[in-house]
Amino acid sequence: WYQRRVRVTQDDDLVYGNTTNLVILSKKSPSLNKYVQAPATINCVVSVQKCSNQVIFGCDSGLVMRWRQSDDNLQELYTQETAVSFLSATKESDHTIVVSSGEDSYVVTARISKEGTINRACFALPRGRVCLSHAVTTFGNTAIVALALDDSTILLSELSSDSNLKMLATLKGHEDWVRGLDFRTEPNGSLLLASGSQDNYVRIWRVSPCQGSTVAKFKVKEIELVLGVVPYSVSLESVLLAHENWVTSVRWMNNGKLLSASMDKTAIIWKKDENNIWTEDVHVGDVGGNLPGMFGAVPNSTGTAIFAYNFQGALQAWEESEDGRWLGRALPSGHFAPVKDLSWSRSGDYLLTASSDQVKRILERRQDEKKAKSP
C-alpha cells in the first residue's frame, strides 16, 4: 500500500511521484516546475530533513534514487530485494541517512557521504515481522530510528556508525497497524515521537533524560533506555482521538503543532493549549461520498498551508487566510490512469476528461480567472 508519494521541501516546493515521473512544483514561479524521469514507477518520496537540496525516492523495482536540486543530478543509491514501500531520511553532519523497507522482513539503512560513498546495512526484523512505516532523526550525537511493525508495536532503535540497528525499546499501545511516524526535537532537549494508527488514534511519545529517582503519588509508566552513554526514559504524553477512520499519516510542523490525516477524508492540526493539553486547532477535509479518504497530508515550512493526497490520486490544498480561516486552493490534479478523451465547453470555462481509471472529471476555470475574462 504505497501512500508516501507527496512531500514539501524546506523551500516550500511541492514534490510528488506520478507513475515514473518525479514532479517538482516550484513555489517561486511556474517556470521553475520540473519533471524528472525515473526508471520505474515511484512508490514513495521523501525530502531530506534539515536539507532542502535533496529528494530521495523509491521505486517498485527496489531501486532507491536521489535527485539533487542544485545541479539537477539524478543518482542511483542502491537496490533492495523487494519494491520500496516506505522511505525516511535525515541529515547527519556531513552524511545523509536513508532508511527503506519493503514487503519482506528486512529494513535497509544507508549513510551517504558528500562524495557519494554509501555505507549500507540490512537489518532482519525479529520474528519475521514486516515494517509498515518508520522515521529517522538525529538526537544529540545519536541517530534514532522508529520502526512500526505488523504486530502494532513500535521499535525504537539506535543507528550505529556502521549503519546497523541496535534495538532499544518496544512501544506498545496501538491496537492496529501504525501507518505514520514522525520525530520532533523540543527546545528543552526532549524528543517527541508521533504515531498514527488504523485504530483511529494518534499517540505522542516523549523521550527525555532521566531525572533520577523521585517519589510521586501518580506517575506515567516509563521505559528506560540508554542513548550512547546517557540514560533516557520514554513515556506516553498524550492520546488523541478525533478521526473516525484510519489515521494514515502524522507530520510535525515547524511551529510545534502536529498534522494528522485520515481515511475519513479529513486532516487535523493539533496544538498544545495553556494547560499543556493537546487539543484540536484546525479541521479541514471533504464531506460525503463513499470513496476512501486521505492517504496523507504534509504542511509547508511556515505552517500556513496543508497539502493532502487521496485514494484517487488527487491533490488538495488549504491555506490560512489573513482572517484565520482555512480556504481551499487549486492544485494540479486529476486521473491516476491514462486520459483517453477530453472536450472543452463552448464557453471555455469547463473541461470534461475521460480516463481508463473509469472516472470522468469536469474541471472548472478558477473564479478569479472567470472575473478577469468577463467584460
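Calculation notes
- Residues numbered from 1 in each chain as written.
- Predicted model: local features only at pLDDT ≥ 70, side-chain atom pairs only at ≥ 80, totals over all residues.
- Heavy atoms only, no water.
- Helix = DSSP H or I, 4+ residues; strand = E, 2+ residues; numbered from the N terminus.
- Rg over C-alpha atoms; globule rule 2.2 N^0.38 Å.
- Buried < 20%, exposed > 50% of the residue type's maximum accessible area, 1.4 Å probe, protein only.
- Contact = heavy atoms within 4.5 Å.
- Pairing = 2+ DSSP bridges.
- Axes fitted to C-alpha atoms, helices over the stretch in contact; angles between N-to-C directions.
- Patch = residues over 30% accessible without salt bridge, like charges linked within 9 Å, V, L, I, M, F, W, Y side chains within 5 Å.
- Areas by Shrake-Rupley, 256 points an atom, 1.4 Å probe, with all protein chains shown as cover.
- Salt bridge = Lys/Arg side-chain N within 4 Å of Asp/Glu carboxyl O.
- pLDDT = per-residue confidence, 0-100.
- Disulfide = S-S within 2.5 Å.
- Polar contact = N/O pair within 3.5 Å; in protein donor to acceptor, adjacent residues only side chain to side chain.

Trainee: Mind showing me how you'd approach the overall build of the protein chain here?
Mentor: What the protein chain contains, in helices and strands, is one helix and 32 strands. In terms of C-alpha radius of gyration, the protein chain reaches 21 Å, essentially the compact-globule figure of 21 Å for 375 residues. Overall, the protein chain is about 75 × 50 × 35 Å in size when its C-alpha atoms are taken along their principal axes. A total of 375 residues make up the protein chain; the buried ones form 52% of that total. Counting only contacts in the protein chain whose residues sit at least 6 apart along the sequence, the fraction spanning at least 24 positions is 42%.

Trainee: Explain unusual backbone geometry here, please?
Mentor: The bulk of non-glycine residues show a negative phi, and the bulk of peptide bonds are trans. A positive phi angle, close to 80°, is found at Asn-200, a residue other than glycine. Tracing the sequence through the fold places Asn-200 in the loop between β18 (191-197) and β19 (201-209). Located in the positive-phi region is Gln-358, a residue other than glycine, with phi close to 70°. Checked against the element boundaries, Gln-358 lands in the loop between β31 (350-355) and β32 (360-364).

Trainee: Just checking my understanding: could you explain the environment of Gly-348 for this structure?
Mentor: Here Gly-348 shows up in the loop between β30 (339-344) and β31. Residue class for Gly-348 comes out buried when judged on its relative accessible area of 15%. Placed 295 residues apart in sequence, Gly-348 and Asn-53 show a C-alpha to C-alpha distance of 39 Å.

Trainee: Got a minute to help me understand the sheet that holds β30 in this structure?
Mentor: Whenever strands of a sheet pair, they do so through backbone hydrogen bonds, lying parallel or antiparallel. The three strands lie next to each other as β30-β31-β32, forming an open sheet whose pairing is antiparallel. Two strands bound the open sheet, and with one partner strand each, they are β30 and β32. Strand-to-strand twist in this sheet, taken as the mean axis angle between neighbours without regard to direction, amounts to 20°. Here five bridges tie β31 to β32, and the two strands are oriented antiparallel to one another. In the sheet register, Leu-352 faces β32, and the bridge partner there is Ile-362.

Trainee: What am I meant to see in a nonpolar patch on the surface here?
Mentor: Together, Tyr-201, Val-239 and Leu-241 give the surface a local cluster of nonpolar side chains, amounting to about 250 Å² of exposed area. Given the relative accessible area of 32%, Tyr-201 is considered partly exposed.

Trainee: Can you help me understand the sheet that holds strand β24 (residues 266-272) in this one?
Mentor: Taken together, the four strands give an open sheet; going across it, the order is β22-β23-β24-β25, and neighbouring strands pair in antiparallel fashion. Each having just a single partner strand, β22 (247-252) and β25 (278-285) make up the two edges of the open sheet. When the angles between neighbouring strand axes are averaged without regard to direction, this sheet yields 20°. Across five bridges, the pairing between β22 and strand β23 (residues 258-262) is antiparallel. Looking across to β23, one finds that Val-250 is bridged to Ser-260.

Trainee: What exactly am I supposed to notice about the confidence of the model for the protein chain here?
Mentor: Detailed reading of the predicted coordinates is not advisable wherever pLDDT falls low. On average, residues of the protein chain score 87 in pLDDT, and 90% of them are at 70 or above. Note on residues 213-220: pLDDT under 50 across the span, and three contacts to partners over four residues away in sequence or across chains.

Trainee: Just checking my understanding: could you explain the pairing of strand β5 (residues 42-47) for this structure?
Mentor: Residues in a regular strand point their side chains to alternate faces of the sheet. Here β5 lies mainly inside the structure; six of its six residues are buried. Sheet topology places β5 next to strand β6 (residues 54-59); five bridges connect them, and they run antiparallel. Across the sheet, the residue bridging to Val-46 is Ile-56, located in β6.

Trainee: Explain the state of the cysteines here, please?
Mentor: As used in these notes, a disulfide is a covalent bond between sulfur atoms, one from each of two cysteines. Within this structure, the stated rule accounts for zero disulfides. You can see Cys-131 has no disulfide; the closest cysteine sulfur is in Cys-44, sitting 12 Å from it.

Trainee: Even after reading the chapter, I still don't get the pairing of β22, so can you show me in this structure?
Mentor: Burial runs high along β22: five of the six residues are buried. The antiparallel hairpin formed by β22 and β23 contains five residues in its connecting segment, where Gly-256 sits at a positive phi of about 90°.

Trainee: What's the story with the environment of Thr-109 in this structure? I'm lost.
Mentor: By the element assignment, Thr-109 lies in strand β11 (residues 106-113). The class for Thr-109 is buried, based on a relative accessible area of 1%. Sequence-wise, Thr-109 and Ser-88 are 21 residues apart; in three dimensions their C-alpha atoms are separated by 9.7 Å. Those residues in contact with Thr-109 that sit more than four places away from it in its chain are Val-98, Val-99, Asn-119, Arg-120, Ala-121, Leu-159, Ser-163 and Leu-165. From its side chain, Thr-109 meets the backbone oxygen of Ser-163 in a polar contact 2.3 Å long.

Trainee: Can you walk me through the pattern of salt bridges in this structure?
Mentor: Side chains that differ in sign of charge can pair as their charged atoms come close. Taken as a whole and judged by the stated rule, the model has 14 salt bridges. For Asp-151, the salt bridge is made with Arg-129, and the minimal N-O distance between the two is 3.7 Å. Placement of Asp-151 in the loop between β14 (142-149) and β15 (154-159) and of Arg-129 in the loop between β12 (118-124) and β13 (131-139) is noted, with a sequence separation of 22 residues between them. Where Glu-319 meets Arg-329, a salt bridge forms, and the shortest distance between an N and an O atom there is 3.2 Å. In this pair, Glu-319 is assigned in strand β28 (residues 315-320) and Arg-329 in strand β29 (residues 326-329), connecting sequence segments ten residues apart. Residue class for Glu-319 comes out partly exposed when judged on its relative accessible area of 35%. When salt bridges with common partners are traced through the structure, they connect Arg-184, Glu-186, Arg-206, Glu-237 and Lys-272 into a single cluster.

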